[in-house]
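Report on the structure
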Amino acid sequence: MPQASLSSLRAETLRSGEEFRAAAALYTRVFGYERPEFSLNPNLLSALARNGGSAVGVRTADDELIGFAYGFAGRDALGRDFHYSQAAVVDASHQGEGVGRMLKERQRDVALGWGHRTMRWTFDPVLSRNAHFNFTSLGAEGVGFVPDYYGRAGTDRVVVEWQLTRDDDPFDDLRRVEPPALGRADWGRVVHGPLSRRDGSVQEAAWLAVPAQAPAVSDDGEERASHDLLRANVRQSLATLIGSGAVLVSCVRVDPSTAVYLAVERLSHPDSGKEPSV
């Protein structure tokens with residue numbers, strides 16, 4: 001299928017039962033879900049969209065739905081409100097066309113309409129492409145880490161927070177810093193060192209190397225053990241970094257096999273001075 005130009009695509013809020021059913025079908029197809037418990041109920045999407053949530057899509061000029069995202073109003077243990085984006089999916093034949101950003105920007109508009117000033121979502125820390133989009137493209141931060149987020153093994157997640165009304169990005173210069181030349185042997189390992197800021201100050205930083213491409217889970221026992229060890233090392237490193245008060249601000253590929261996270265000291269939250277609770 002030929003790629004669609006960005007100018008031919010349009011983002012919109014989904015409103016009808018037909019649109020919600022099409023979104024649920026796209027969601028199931030992109031994730032490859034076969035078990036019914038992982039399907040998405042169109043009635044739930046309708047209820048969320050009417051009650052503080054979001055259901056947005058991106059269509060081609062031919063009116064084909066190729067992207068979908070949904071979310072709901074959330075509140076953390078500190079009483080801080082936010083819009084939580086549960087999932088965003090893009091048809092495989094249209095990935096790399098800017099559809100993901102269009103979804104997030106449309107979802108941002110919906111969240112602001114409900115009065116939310118921040119949006120949160122999660123991602124698998126081994127998926128470095130998602131991390132690069134979240135931090136470098138959108139300008140969000142990784143503010144939390146939750147092992148087994150969905151109550152089952154293999155679902156460790158980084159919690160992302162996106163400030164929707166921020167005019168200046170306090171991490172802008174850091175997101176552009178070239179990582180050290182880490183490689184496959186460094187996957188899951190944290191490397192500490194100083195960073196020079198644009199204003200001349202020096203800040204302590206930490207780098208964490210991960211695979212540039214998510215490792216395929218094999219039936220081979222040795223390969224599976226290696227995969228499990230990688231996830232265990234990434235889990236320990238992220239839990240230590242974020243637990244000590246750091247935030248993730250970038251993830252950059254340094255070679256075809258390796259991408260590197262940058263973690264720096266967390267800024268105090270503008271609302272309460274306390275850090276986000278996840």
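Thresholds applied
Residue numbering note: each chain is counted from 1, following its sequence as written. This being a predicted model, a pLDDT of at least 70 is required before a residue's local features are given, and a value of 80 or more before pairs of side-chain atoms are given or counted; all residues contribute to the totals for chains, interfaces and linings. In computing side-chain properties, one takes all heavy atoms of the structure into account and sets aside hydrogens as well as water. Here's how the labels work: a residue is buried when its accessible area is under 20% of the maximum for its type, exposed when over 50%, partly exposed in between, all with a 1.4 Å probe on protein chains only. Where helices and strands are cited, they refer to DSSP runs of H or I of at least four residues and of E of at least two residues respectively, numbered from the N terminus. Here the arc refers to the directions that run from the helix axis out to each C-beta atom. We call two residues in contact when some of their heavy atoms are within 4.5 Å. Under this definition, polar contacts are N or O atom pairs within 3.5 Å; protein pairs additionally need one hydrogen-donor-capable and one acceptor-capable atom, and for neighbouring residues in sequence, both atoms have to be side-chain atoms. Angles run from 0 to 180 degrees between N-to-C directions of axes, and those axes are lines fitted to C-alpha atoms, restricted for helices to the stretch in contact. By definition in this entry, angles of less than 35 degrees are roughly parallel, angles greater than 145 are roughly antiparallel, angles of 65 to 115 are roughly perpendicular, and the rest are oblique. Left-handed describes a crossing whose near helix is turned anticlockwise from the far helix through less than a right angle; right-handed describes the clockwise counterpart. When residue character is reported, Ala, Val, Leu, Ile, Met, Phe, Trp, Tyr, Cys and Pro are called nonpolar, Asp, Glu, Lys and Arg charged, and the others, Gly included, polar.

Looking at helix 2 (residues 42–50)
- Along helix 2, the residues that are buried comprise Leu 45, Ser 46 and Leu 48. The arc enclosing the buried residues of helix 2, seen along the axis, measures out at 165°, which places them on a common side. Structural note: helix 2 exposes Asn 43 and Arg 50 on the side pointing more than 90 degrees away from its buried face.
- Taken together, the buried residues of helix 2 touch helix 1 (17–31), strand 2 (54–59) and strand 3 (65–75).
- Between the side-chain oxygen of the N-cap and the backbone nitrogen of Asn 43 there are 2.8 Å, and the N-cap of helix 2 in question is Asn 41.
- Positive phi appears at Gly 52, one or two residues downstream of helix 2, with a value of about 85°.

Considering the environment of Gly 144
- With respect to the secondary-structure elements, Gly 144 resides in strand 6 (residues 141–146).
- Here the alpha-carbon distance between Gly 144 and Leu 241, two residues 97 residues apart in the chain, equals 9.7 Å.

Quick look at the packing of helix 1 against helix 2
- At a minimum axis distance of 8 Å, the contact between helix 1 and helix 2 shows a crossing angle of 120°. Here helix 2 runs oblique to helix 1, going by the angle between their axes. Regarding helix 1 and helix 2, the two cross each other, and that crossing is right-handed. In this structure, helix 1 contributes Phe 20, Arg 21, Ala 23 and Ala 24 to the contact, and helix 2 contributes Pro 42, Leu 45, Ser 46 and Ala 49.
- In terms of residue class, the contact of helix 1 with helix 2 is made up of six nonpolar, one polar and one charged.

What about the side chain of Arg 197?
- Within the secondary structure, Arg 197 is located in the loop between strand 8 (190–196) and strand 9 (202–211).
- There is a polar contact of 2.6 Å between the side chain of Arg 197 and the side chain of Gln 203.

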